[in-house]
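Coordinates in review
Listed here are the chains, written in short residue letters.
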Amino acid sequence: MSSRLASAVRSVRQFSTTFSRRAEAVAPTAPPPARARGRWGLGVAVALAVPVAYVAGAVNPPTIALMFSPRYSPPPPDRESKIGKEITAEVERELQELALVAEMRTLSEWYESRPYEKYDPNKVHNSLTAGSLRGPGKLAVPPIAFAKENETEGVIVAHLGRSLCGHDGIIHGGLLATVFDETLARNALMNIPTHIGVTANLNINYRSPCMADQFVVVRTKLEQKKGRKVVVSGTMDTLDGERIADATAIFVEPKWAQFLQSSGVTDTLGAPTQPEGEMEMEPREL
Ligand SMILES: *[C@@H]1O[C@H](CO)[C@@H](O)[C@H](O)[C@H]1NC(C)=O
């Protein structure tokens, strides 16, 4: 949520709390005797409470209400349109200003990268996450990825827009699976010398609905490395720390991986420019 929106929500919340406190304070001390006056007072209270509740609810509706009756939202604008570019820039600005991102940047033994940023322009349009799903209202910007220098852990922050829903207003579970697949893959593949691996298994527990149009934080962890097989686990939370889902995955390096060119994969993963203690694999000719 943008900080401006957050402060608007806060002030409305504060207003409604103040208002109801005042109503509580006034109600019992109001002169009770005349029945007619009591009814009139109740009428005024209801007349006031309804619009106040409506305004408060419209600005900050309870999750359960949104689940059953989401507010209508216009379709996403074209990525190259003026408004499309503005939305993309706004999401990028918010991402760069997140407290979590600032905190991660202070940690030693971690590096930062931007997966998909250097994706081959001749291939990007056919990529699910870097092409088809990229755009305002969808995956507006590439995620920011932080990784431990020894590639045992990762923290990825991604924005999930309003047009990636299953139930309207709630991010599609299959999209969350895609996000897990790619974030867990990044952690796993950095542990494979060729950086080439395929998903052999992905196991997800969905814990709570993921509301659209928010940043999510995926934390990944290397569990096991055994031959060509890498096991990783991960969690997905809202910025407030609410668990959305958790997952485990197994990635396997194909037997023919050493014959493939890996530089494109390295770019896609957002590998550190100078991997420590390890030279970039020379692309091999078939
Ligand atoms: C990775 O680095 C962390 C420190 O950031 C250290 O605690 C951990 O033991 C290292 N793990 C391996 C497998 O090297």
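Residues numbered from 1 in each chain as written. Predicted model: local features only at pLDDT ≥ 70, side-chain atom pairs only at ≥ 80, totals over all residues. Heavy atoms only, no water.

1. A look at the site of the ligand
Under the convention used in this document: For this description, a residue counts as near a given molecule or strand if any of its non-hydrogen atoms is within 4 Å of it. Here a polar contact means two N or O atoms within 3.5 Å. Within protein one must be a hydrogen donor candidate and the other an acceptor candidate, and residues neighboring in sequence count only if both atoms are side-chain atoms. Only the protein chains shown count as cover for residues, with accessible areas throughout obtained via the Shrake-Rupley method and a probe of 1.4 Å.
Taken together, the neighbourhood of the ligand is formed by E109, K148, N150 and T152. One nitrogen or oxygen atom from the side chain of E109 is found 2.8 Å from an oxygen atom belonging to the ligand. One of the side-chain nitrogen or oxygen atoms of N150 is found 2.2 Å away from an oxygen atom of the ligand. Look at the ligand: alone it shows 370 Å² of surface, and the protein chains cover 40% of it.

2. Description of helix α4 (residues 82-97)
Short version of the rule: Helix and strand definitions follow DSSP, with helices as H or I runs of at least four residues and strands as E runs of at least two, each counted in order from the N terminus. A helix is expected to reach a length of 1.5 Å times the quantity of its residues less one. To sort residues, take the accessible area from a 1.4 Å probe on protein chains only and compare it with the maximum for the residue type: under 20% means buried, over 50% means exposed, and anything in between is partly exposed. Taking the helix axis as origin, the arc is that swept by the directions to the C-beta atoms.
Compared with an ideal rise of 1.5 Å per residue, which puts 16 residues at 22 Å, α4 spans 23 Å between its outermost C-alpha atoms and is within 8% of the ideal. Along α4, the residues that are buried comprise G84, T88, V91, E94 and L95. Taken around the axis of α4, the buried residues stretch over an arc of 125 degrees, which confines them to a single face. Among the exposed residues of α4, those pointing more than 90 degrees away from its buried face are K82 and E97.

3. What to know about the environment of M104
To keep it simple, the criterion reads: Residues count as neighbours in contact if any of their non-hydrogen atoms are within 4.5 Å of one another.
Inspection of the secondary structure assignment puts M104 in helix α5 (residues 99-106). The contact partners of M104, leaving out residues within four places of it in the chain, are W110, F146 and V155.

4. Here we look at the sheet that holds strand β5 (residues 214-226)
Note the threshold: The rule for pairing is simple: two strands pair if DSSP sees at least two bridges between them. The convention used is that axes are lines fitted to C-alpha atoms, helices contributing only their stretch in contact, and that angles between N-to-C directions extend from 0 to 180 degrees.
In spatial order, the strands read β1-β2-β3-β5-β6-β7-β4; together these seven strands make up an open sheet with antiparallel pairing. Here the strands that pair on one side only, and so sit at the sheet edges, are β1 (110-113) and β4 (198-206). Ignoring strand direction, the axes of neighbouring strands in this sheet form an average angle of 20 degrees. Pairing analysis gives eight bridges linking β4 to strand β7 (residues 243-252), with the strands arranged antiparallel. Across the sheet, the residue bridging to N205 is D246, located in β7. Its contacts with the sheet place α5 against β1, β2 (144-148), β3 (153-160) and β5, and it is angled at close to 35 degrees to β2.

5. As for the nonpolar core
Keep this limit in mind: Here, nonpolar core refers to any group of buried Ala, Val, Leu, Ile, Met, Phe, Trp, Tyr and Cys residues whose side-chain atoms link them within 4.5 Å.
Core analysis: the largest hydrophobic core is formed by 35 residues, its most contacted members being L160, I171, F180, V232, M236 and F251. Residue assignment for this core shows that the elements contributing at least two residues are β3, α7 (173-189), β5, β6 (229-238) and β7. No other element matches the nine residues that α7 contributes to this core. Formed by 15 residues, the second largest nonpolar core is a distinct cluster that contains L95, A140, V155 and F215.

6. Overview of the pattern of salt bridges
Here is the rule we go by: Should a side-chain nitrogen of Lys or Arg be within 4 Å of a carboxyl oxygen of Asp or Glu, the pair is scored as a salt bridge.
Inspection of the entire model under this criterion finds eleven salt bridges. Ionic pairing is found between E90 and R93, a salt bridge with its closest N-O pair at 2.9 Å. Taken together, the residues span about one helical turn, with E90 and R93 both in helix α4 at a distance of three residues. E90 sits in the partly exposed class, given a relative accessible area of 26%.

7. As for the confidence of the model for the protein chain
Just so we agree on the cut-off: In predicted models, pLDDT denotes the confidence assigned by the predictor to each residue on a 0 to 100 scale.
Here the protein chain shows a mean pLDDT of 80. Residues at 70 or above account for 69%. Low pLDDT, under 50, characterises residues 4-34; the stretch is placed with 14 contacts to residues that sit more than four places away or in other chains. Every residue in residues 274-286 scores below 50 in pLDDT, and together they form 13 contacts with partners more than four places removed in sequence or on other chains.

8. Points about the state of the cysteines
The cut-off we apply is this: Working definition: a disulfide is two cysteine sulfur atoms within 2.5 Å of each other.
In total, this model carries zero disulfides according to the counting rule given. C165 takes part in no disulfide bond, and the closest cysteine sulfur to it belongs to C210, at a distance of 8.9 Å. Under the relative-accessibility criterion, C210 is labelled buried at 1%.

9. Concerning the environment of K226
Looking at the element boundaries, K226 is found in strand β5. Linking K226 and V252, residues 26 residues apart in sequence, is a C-alpha distance of 9.7 Å.

10. Looking at the side chain of N191
Inspection of the secondary structure assignment puts N191 in the loop between α7 and β4. Classification of N191 by relative accessible area gives buried; the value is 12%. Within the local environment of N191, its side chain forms a polar contact with the backbone oxygen of E151, the two atoms lying 2.9 Å apart. Not counting residues up to four positions away in its chain, the partners in contact with N191 are N150, E151, L222 and K225.

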